[in-house]
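Listed below, chain by chain, are the residues.
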Amino acid sequence: MKALIVYGGKYGSTKVISEWIAERLSFDTVIRDAKDAPSPGDFDLVLLGSAIYEGKFMPEVNTYIDKHINTLEEKKKVIFGVCLDTKGVFVKGKIHGGWEYIMPIIKKFKNPPLHAGLLHGEINPSKLSSEDYKRLMHFYNKILGKNYSAVPYRTKMNKEEVWEFAEKIINKLKGKVY
Ligand SMILES: Cc1cc2nc3c(=O)[nH]c(=O)nc-3n(C[C@H](O)[C@H](O)[C@H](O)COP(=O)(O)O)c2cc1C
């Protein structure tokens, strides 16, 4: 089986997670940044993954999907988002985060993906651009009401979680429901 993982991210965690997925799938897998990924035409399975920034997929992953939508419709495909809030919260009658992040991507397709889900990423303040650092400080202190003087290092990256996700893909390829 030939697989292609197209990912988008800024600071490397989505790339590492893509590598962990490929390791567990044990297919002949090509991993590429969405900015220079090949057409999905030659692959049996295509995984489309993105880091979540301010609730959204990276623009280059959206662009890749839109460009190849007709080919992707006919492919076995998997969607994954990498973020901190994989579960989501219910506030003032609305869901924020979790599946809400990837539903707009899933809804792009008439033929639904074989599998989809959210995987935990990380925030490493020493890697952040000054703009992203400021955005996070605003989010923590103004929106969440914390009193942080610095962005804390938080990693929730979990290889076991990622391998379980890959195992679900393997099961579904074999025709299992879950
Ligand atoms: C500016 C900024 C905005 C973010 N927005 C969200 C968000 O809306 N929801 C979430 O769960 N995580 C959010 N994150 C966390 C990222 O999704 C997480 O750091 C991810 O692992 C980044 O992947 P990357 O290293 O591949 O860029 C944000 C991080 C930054 C720096």
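Everything below is about the structure shown above.
In this convention, every chain numbers its residues from 1, walking through the sequence in written order. Local features in a predicted model are, by the rule used here, given only for residues with pLDDT of at least 70; side-chain atom pairs are given and counted only at 80 or more, and totals for whole chains, interfaces and linings are based on all residues. Computation of side-chain values covers all heavy atoms of the structure but excludes hydrogens and water.

1. Concerning the pairing of strand β3 (residues 45–51)
Classification of residues uses two cut-offs on accessible area relative to the type maximum, computed with a 1.4 Å probe and protein chains only: under 20% is buried, over 50% is exposed, and between them is partly exposed. By the criteria applied, helices consist of DSSP H or I runs no shorter than four residues and strands consist of E runs no shorter than two, each listed in order from the N terminus. Extensive coverage of β3 is indicated by the burial of 7 of its 7 residues. Every second residue of β3 is oriented toward a common face, with Leu45, Leu47, Gly49 and Ala51 on one face and Val46, Leu48 and Ser50 on the other, all of them buried. Strand pairing requires that DSSP identify at least two bridges connecting the strands. Summarising the sheet, strand β1 (residues 2–8) and β3 pair through 6 bridges and their orientation is parallel. Bridge pairing in β3 places Gly8 opposite Ser50.

2. Some words on the pattern of salt bridges
Here a salt bridge means any side-chain nitrogen of Lys or Arg lying within 4 Å of a carboxyl oxygen belonging to Asp or Glu. Within the structure shown, the criterion is met by 10 salt bridges. With its nearest N and O atoms 3.8 Å apart, the salt bridge here joins Glu19 to Lys15. With Glu19 and Lys15 both in helix α1 (residues 13–25) and 4 residues apart, this pair spans about one turn of that helix. By relative accessible area, which is 37% here, Glu19 ends up partly exposed. Residue classification places Lys15 among the partly exposed positions, given a relative accessible area of 38%. For Arg24, the salt bridge identified is with Glu167, shortest N-O distance 2.7 Å. Of the two residues, Arg24 sits in helix α1 while Glu167 sits in helix α6 (residues 159–173), which places them 143 residues apart along the sequence. Taking relative accessible area as the criterion, Glu167 reaches 28% and is therefore assigned partly exposed. Among the charged side chains, a network of salt bridges with common partners joins Lys10, Glu54, Glu131, Asp132 and Arg135.

3. Here's the deal with the packing of aromatic side chains
Pairing of aromatic rings covers Phe, Tyr and Trp, the last through its six-membered ring, and needs centres within 6.5 Å; plane angles under 30 degrees mean stacked, over 60 mean edge-to-face, and all others mean tilted. Tallying each qualifying case throughout the model produces 3 aromatic pairs. Between Phe80 and Phe165, the ring centres sit 6.2 Å apart and the planes meet at 65°, which makes this aromatic pair edge-to-face. On the criterion of sequence distance, the pair formed by Phe80 in strand β4 (residues 76–83) and Phe165 in helix α6 is long-range, its members being 85 residues apart. Members of the aromatic cluster, connected to one another through ring pairs, are Phe139, Tyr140 and Tyr148. Sitting over a ring, as applied to charges here, requires NZ of Lys or CZ of Arg to be within 6 Å of the ring centre and within 35 degrees of the ring normal. Between Lys10 and the ring centre of Tyr53, over which it is positioned, the NZ or CZ distance is 4.5 Å. The positively charged end of Lys77 is found above the aromatic ring belonging to Phe109, 4.9 Å away from the centroid.

4. A word on helix α5 (residues 130–143)
In a helix, the anticipated span is given by 1.5 Å times the number of residues less one. Between the first and last C-alpha of α5 there are 19 Å, a value that for 14 residues agrees with the 20 Å anticipated at 1.5 Å per step. Residues Asp132, Leu136, Met137 and Tyr140 constitute the buried set of α5. When α5 is viewed along its axis, its buried side chains cluster within an angular range of 140° and face the same direction. Counted as exposed and oriented over 90 degrees from the buried face of α5: Ser130, Glu131, Lys134, Lys142 and Ile143. We call two residues contacting when some pair of their heavy atoms lies within 4.5 Å. Looking at the buried side of α5, the elements it contacts are β8 (122–123) and β9 (154–155). Each C-beta atom gives one direction from the helix axis, and the arc is the one those directions make.

5. Concerning the side chain of Glu60
For Glu60, the location among the structural elements is in helix α2 (residues 59–67). Given the relative accessible area of 14%, Glu60 is considered buried. Not counting the four nearest positions on each side in its chain, Glu60 is found in contact with Gly8, Gly9, Ala34 and Lys35.

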